[in-house]
Amino acid sequence: MQSSYPFILPDKLSSFLKGSQAADPRAVHCVAFKLGCIHSSIFLSNNILHAYGSSSVTYAHQLFNEIPHPNAVTWSIMNSTYSHMCRIKDIILLFGRMLSLRISPNNFVFGSIFTGCTHGRDLQTGIQIHGSALKIGFTQHTFVAGTMIDMYARCGKVEESWRIFYETAEKDVVTWTTMFTCLANCYPHECPVSVFRLFREMISGGIWPVGMTFVSVFKVFDEPDKLRQATQVHGCMIKLDIELDTPLGSALIAMYGRCGEMREAVIVFDRIDHDAVSRTSLLVAYMQNAYYKNAILLFKKMIEEKMEIDPFVVTCMIGVLSALEDIGKGKEVHAYVIRNNFFSDVSVGNSLITLYGRCRETKMAEKLFQLMNFRDVISWTAMMTCYSQNELGRETFLLFLHILREGQSPPIFCITSAIRACSTLSSLPSGEQLHGRIVKMGLDASLFVANSLITMYAKCGSINSAFTFFNYLNERDIVSWNAMIMGFSQHGFVKKALYLFSEMQKSGIKPDEFTFIGILASFSRVGLVAAGWEYFNMMTEHYGLEHRMEHYGCMVDLLGRSNKLSEALDFIYAMPVEPDNIVWETLLASCKVHGDAELVKCIAKRILEMKPEDASPYITFSTIDTFTGIWDGKTFIRDKVKSQGLSKEPGKSWVDTHISS
């Protein structure tokens, strides 16, 4: 029986291991063993070994040890099996066994080992095997070179990947595509070469890209300034008649979304299958370009069609609702998260905390934060941002102290949030304590942190400390200068603010809109009307900057404080944009100071038209009535406020108890 089948059974038994309805390799192994052809046919043994590789590494290991004369394919399959399972130690032992038996590894063996090192992020082993491949002479093989390029890049050694690529004499499209993928994944932080230039070099060398090549190249076009290059690469794809399948189409949609070209993104979307991947790409593009309503409609359609939705899609959708501050729809998505058990995903939890923080529901954000089983650094940052956005300075600072007690290393944003909390609380001792902690952490050289410290010292009343720290900086950007100018402005040091304005320009930094807010505010505090007009006009005439609502507000405040109420009113009516309630309330406050009851009536009416729920105009008018002795008017207004259900936000006071760690 054993001699009748050896030439027939191996092929037939091997066929049972292939196809969509492949048999259990253990069953085929058992039949082959009973028929006595398992050891006589290396072809059949290799097929069973390959089938075991994707299901049971234990059975694969046992079968490999039973094969009497394994060939190069056998060793390659076993290496690939260990590589797939990230069993680096077994890979090394098998490789050593090959060398001890004087079996020369082939390119597939080296490729599978490097792939295993990539999966396991084992750079040291990869370097050792690289040395062996170099000695045997396999580093110039395109397949081996490609796996080494990928390994070094994924282990954070992009420069080494580039060196191997550059030194590889014969490069095929797979080698180029692998290099593009590596560069795209590290772009732009560690990218040693322009991907677009490299793409042109590949075309010039007569190597024609495939679909996967374009998928990798498209990733580097991530801003509107790169749209021209992006369209050139897209045009090359069309000329080469590359099939626009779903993965390639999704990459195109994502690229156009990042470059701000939504029209092209939608055109591409209409030309491909509308599966979960393509719709996710379009949804992200909508979110990036503030097409929030389109994103919501697309998300609803995905749910209606019962499409597979992963946590990433949900996170994007919550981000859209955060931008809109739509708490109603946000709670609907939150319910969807609970029904589909998505809250266990940390990114979903973080986005929900951000949503509730933006919508001023801090209690719900706190509850979600406490319910999270796992918190990453973004979770803590999101919760601190929630407190900071809602002006809960004490809670922000206490949470920062809790992060430190947990032994975590807070990111820069958490540190600046804590600094802003000290500014909000006007707690100089806490700010100084935090500054000392920052110095110990070695983060005082960070310009982002330094600018926050300048603002903190100024807002806490220590303008000399702010200026000392400003002078201590080796490097200053526009934010540094603006923070110090605003600090001098807040303390009424107009000459010092103007001196810094001049010094900033001498250093080569051009003032921006925020610079002039600080300058105009300083004039407002001391009543320099002529200087205010000069710098207000200087913005557009000399620097080409457009006036913002804050600049108009500063001028209204300047004119109002100087008792030029009629001029301030004329200025408001002459504004090229519709004044907001802050501008009117600024003038209202000046009218109160100067006791102009008639103008208060006019302004109060305008504010109530804009914000009918605001009680402050009534309160201001009643205060003026009190000063002028019209007590009946005061009683009438108070009764009207009460009858309409309006309420004035109560005043607050506090005692600085110095938050300590």
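In what follows, the accompanying structure is described.

What counts as what
Residues numbered from 1 in each chain as written. Predicted model: local features only at pLDDT ≥ 70, side-chain atom pairs only at ≥ 80, totals over all residues. Heavy atoms only, no water. Axes fitted to C-alpha atoms, helices over the stretch in contact; angles between N-to-C directions. Helix = DSSP H or I, 4+ residues; strand = E, 2+ residues; numbered from the N terminus. Parallel < 35°, antiparallel > 145°, perpendicular 65-115°, else oblique. Left-handed = near helix turned anticlockwise from the far one by under 90°. Contact = heavy atoms within 4.5 Å. Nonpolar A, V, L, I, M, F, W, Y, C, P; charged D, E, K, R; others polar. Phe/Tyr/Trp six-rings, centres within 6.5 Å; stacked < 30°, edge-to-face > 60°. Buried < 20%, exposed > 50% of the residue type's maximum accessible area, 1.4 Å probe, protein only. Lys NZ or Arg CZ within 6 Å of the ring centre and 35° of its normal. Core = buried A, V, L, I, M, F, W, Y, C linked by side-chain atoms within 4.5 Å.

1. What to know about the packing of helix 18 (residues 292–304) against helix 20 (residues 327–339)
Running from amino to carboxyl end, helix 18 crosses helix 20 at an angle of 30°, the nearest separation of the two axes being 14 Å. As judged from the angle between their axes, helix 18 and helix 20 are roughly parallel. In the packing of helix 18 onto helix 20, the handedness of the crossing is left-handed. Every residue of helix 20 that contacts helix 18 at Ile296, Phe299, Lys300 and Ile303 is listed here: Lys329, Val333 and Tyr336. Of the residues that constitute the contact of helix 18 with helix 20, the class distribution is 5 nonpolar, no polar and 2 charged.

2. Structural notes on the packing of aromatic side chains
Considering all chains together, one arrives at 31 aromatic pairs under this definition. Between the aromatic rings of Phe369 and Trp380, the centroid separation amounts to 5.1 Å while the plane-to-plane angle is 80°, which identifies the pairing as edge-to-face. With Phe369 in helix 22 (residues 362–371) and Trp380 in helix 23 (residues 377–389), this residue pair connects regions lying 11 residues apart in the sequence. Take Phe369 and Trp380: they sit in the same class, and that class is buried. Taking the centre distance of 6.4 Å and the plane angle of 80° together, the rings of Phe501 and Tyr543 count as edge-to-face. Of this pair, Phe501 sits in helix 30 (residues 494–506) while Tyr543 sits in the loop between helix 32 (529–541) and helix 33 (549–561), and the two are 42 residues apart along the sequence. We classify Tyr543 as buried; its relative accessible area is 11%. Among the aromatic residues, ring-to-ring pairing joins Trp162, Phe165, Tyr166, Trp176, Phe180, Phe199, Phe214 and Phe218 into one connected group. A cation over an aromatic ring shows up here: Arg375 above the ring of Trp380, its NZ or CZ 5.7 Å from the ring centre. Just above the ring of Phe493 sits the side chain of Lys496; from NZ or CZ to the centre is 4.9 Å.

3. Quick look at the nonpolar core
Judged by nonpolar contacts, the single largest core of 188 residues is most densely connected at Phe218, Phe221, Val314 and Leu587. Dropping the residues within four chain positions of it, Val314 is found in contact with Ile309, Val333, Tyr336, Val337, Phe342 and Val348.

4. Quick notes on the packing of helix 29 (residues 478–490) against helix 31 (residues 513–526)
Here helix 29 crosses helix 31 at 10°, and the two axes come no closer than 8 Å. Viewed along their axes, helix 29 and helix 31 adopt a mutual orientation that is roughly parallel. Taking contact as the criterion, the partners of Ile478, Asn482, Ile485, Met486, Ser489 and Gln490 in helix 29 are, on helix 31, Phe514, Thr515, Ile517, Gly518, Ile519, Ala521, Ser522 and Arg525. The class makeup of the residues in the contact of helix 29 with helix 31 is 7 nonpolar, 6 polar and 1 charged.

So far we have only geometry, and geometry alone does not tell us how the molecule works.
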